[in-house]
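# Observations on the three-dimensional arrangement
Below, each chain spelled out in residue letters.
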Amino acid sequence: GNSVTQMEGPVTLSEEAFLTINCTYTATGYPSLFWYVQYPGEGLQLLLKATKADDKGSNKGFEATYRKETTSFHLEKGSVQVSDSAVYFCAPLSGGSNYKLTFGKGTLLTVNP
Amino acid sequence: DTGVSQDPRHKITKRGQNVTFRCDPISEHNRLYWYRQTLGQGPEFLTYFQNEAQLEKSRLLSDRFSAERPKGSFSTLEIQRTEQGDSAMYLCASSFQYEAFFGQGTRLTVV
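Read on for an overview of the structure. (Residues numbered from 1 in each chain as written. Chains lettered and ligands numbered in written order. Predicted model: local features only at pLDDT ≥ 70, side-chain atom pairs only at ≥ 80, totals over all residues. Heavy atoms only, no water.)

## Observations regarding the environment of Val80 of chain A
Residue and element names in this part refer to chain A.
- Counting through the fold element by element, Val80 comes out in the loop between strand E9 (75–77) and strand E10 (86–93).
- A residue is classified by how much of its surface remains accessible, and Val80, at 0% relative accessible area, is buried.
- The spatial distance from the C-alpha of Val80 to the C-alpha of Asn112 is 9.6 Å, given a sequence separation of 32 residues.
- Those residues in contact with Val80 that lie beyond four places of it in its chain are Leu13, Ser14, Glu15, Glu16, Ala17, Leu19 and Val111. (Helix = DSSP H or I, 4+ residues; strand = E, 2+ residues; numbered from the N terminus. Buried < 20%, exposed > 50% of the residue type's maximum accessible area, 1.4 Å probe, protein only. Contact = heavy atoms within 4.5 Å.)

## As for the sheet that holds strand E1 (residues 5–7) of chain B
All names here are of chain B.
- Strand order in the open sheet formed by 4 strands is E1-E3-E8-E7, with antiparallel pairing between adjacent strands. At either end of the open sheet lies a strand with only one pairing partner, and these are E1 and strand E7 (65–68). The mean inter-strand angle of the sheet, taken between neighbouring strand axes irrespective of direction, is 15 degrees.
- Two elements, E1 and strand E3 (residues 19–24), share 3 bridges in a ladder whose sense is antiparallel. (Pairing = 2+ DSSP bridges. Axes fitted to C-alpha atoms, helices over the stretch in contact; angles between N-to-C directions.)

## Here's the deal with the interface of chain A and chain B
- The interface is formed by 20 residues belonging to chain A together with 21 residues belonging to chain B.
- For the pairing of chain A and chain B, the buried interface totals around 1,700 Å² over both sides, and the portion due to carbon and sulfur atoms is 53%.
- Together, Leu44, Tyr99 and Lys100 of chain A form the three largest contributors to the area buried by chain A at its contact with chain B, with a combined 33%.
- Along the contact surface separating chain A from chain B lie 2 salt bridges.
- With a shortest N-O distance of 2.7 Å, Glu56 of chain B and Lys100 of chain A are connected by a salt bridge.
- On inspection of chain A and its partner chain B, the count reaches 6 residue pairs in polar contact (both at pLDDT 80 or more).
- Broken down by secondary-structure element, the contributors of at least two residues to the side of chain A that touches chain B are strand E5 (32–38), strand E6 (44–50) and E10 of chain A.
- The element contributing the most residues to the side of chain A that touches chain B is E5 of chain A, with 4 residues.
- Looking at side-chain class alone, the side of chain A that touches chain B contains 9 nonpolar, 7 polar and 4 charged residues. (Buried area = accessible area lost by both parts, 1.4 Å probe. Salt bridge = Lys/Arg side-chain N within 4 Å of Asp/Glu carboxyl O. Polar contact = N/O pair within 3.5 Å; in protein donor to acceptor, adjacent residues only side chain to side chain. Nonpolar A, V, L, I, M, F, W, Y, C, P; charged D, E, K, R; others polar.)

## Brief notes about the layout of surface pockets
- Of the pockets and cavities examined, the largest pocket occupies roughly 470 Å³.
- Taken together, 25 residues line the largest pocket, and the ones lying closest to its centre are Val87 and Phe89 of chain A together with Gln37, Gly40 and Gln41 of chain B.
- Broken down by secondary-structure element, the contributors of at least two residues to the lining of the largest pocket are strand E1 (3–6), E10 and strand E11 (107–112) of chain A.
- Element by element, the count of residues in the lining of the largest pocket is highest for E1 of chain A, at 3 residues.
- Looking at the lining of the largest pocket residue by residue, the classes come out as 10 nonpolar, 11 polar and 4 charged.
- Within this model, the second largest pocket holds a volume of roughly 240 Å³.
- As for the second largest pocket, its lining consists of 15 residues, and the residues nearest its centre are Asn2, Lys100, Thr102 and Phe103 of chain A together with Phe45 of chain B. (1 Å grid on protein atoms, 1.4 Å probe; cavity = no way out; pocket = protein on both sides within 12 Å on 5 of 7 lines; lining within 4 Å. Points joined across faces, edges and corners; volume = space filled by probe spheres on them.)

In structure tokens form, the structure reads like this:
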């Protein structure tokens, strides 16, 4: 089955700092890749996605590029805000009989003013 | 609201009791998923429906757990004879193609 390795948290940054959260995966075939964000006490919200190699997903200032050769999908943001404080999950989705998202433990981000 | 809806949001139950959760997916989404999430962990897959057919069940889903999706619309997840280890957030998601959309979850506390 699929698996995900995410950068260990927690990550603590000051407002306007640059953010990188590393994600590598193993998956069958050529998965679609997703980043989800979870705010305290809430469900998961889709942040961005990429469905094929070299695609760049982007949303709300966050970006991630699908790197097939390194099986990575690192999340970046140039200038974080306090409101970005949340847990971030990377998740591959394979087709065929394994058509489900697989999540890692997530990375807790805290942004201080 | 046209998102995924879960009911109830919170449930406190005594050990040994049965509980049932409901999930209403986004209209016309043919796939529906149940996940379980404990504190500090990522969601763990429980089961998956395509329309009304339950296509996959995780080994995490013991005999005490059962899920249904009659007529391919809403879904229910029942836990019989609850145990303290069942305390978790139960998340439902639905999708049509690639993107899965999650509900707010049902937080279960077994006392």
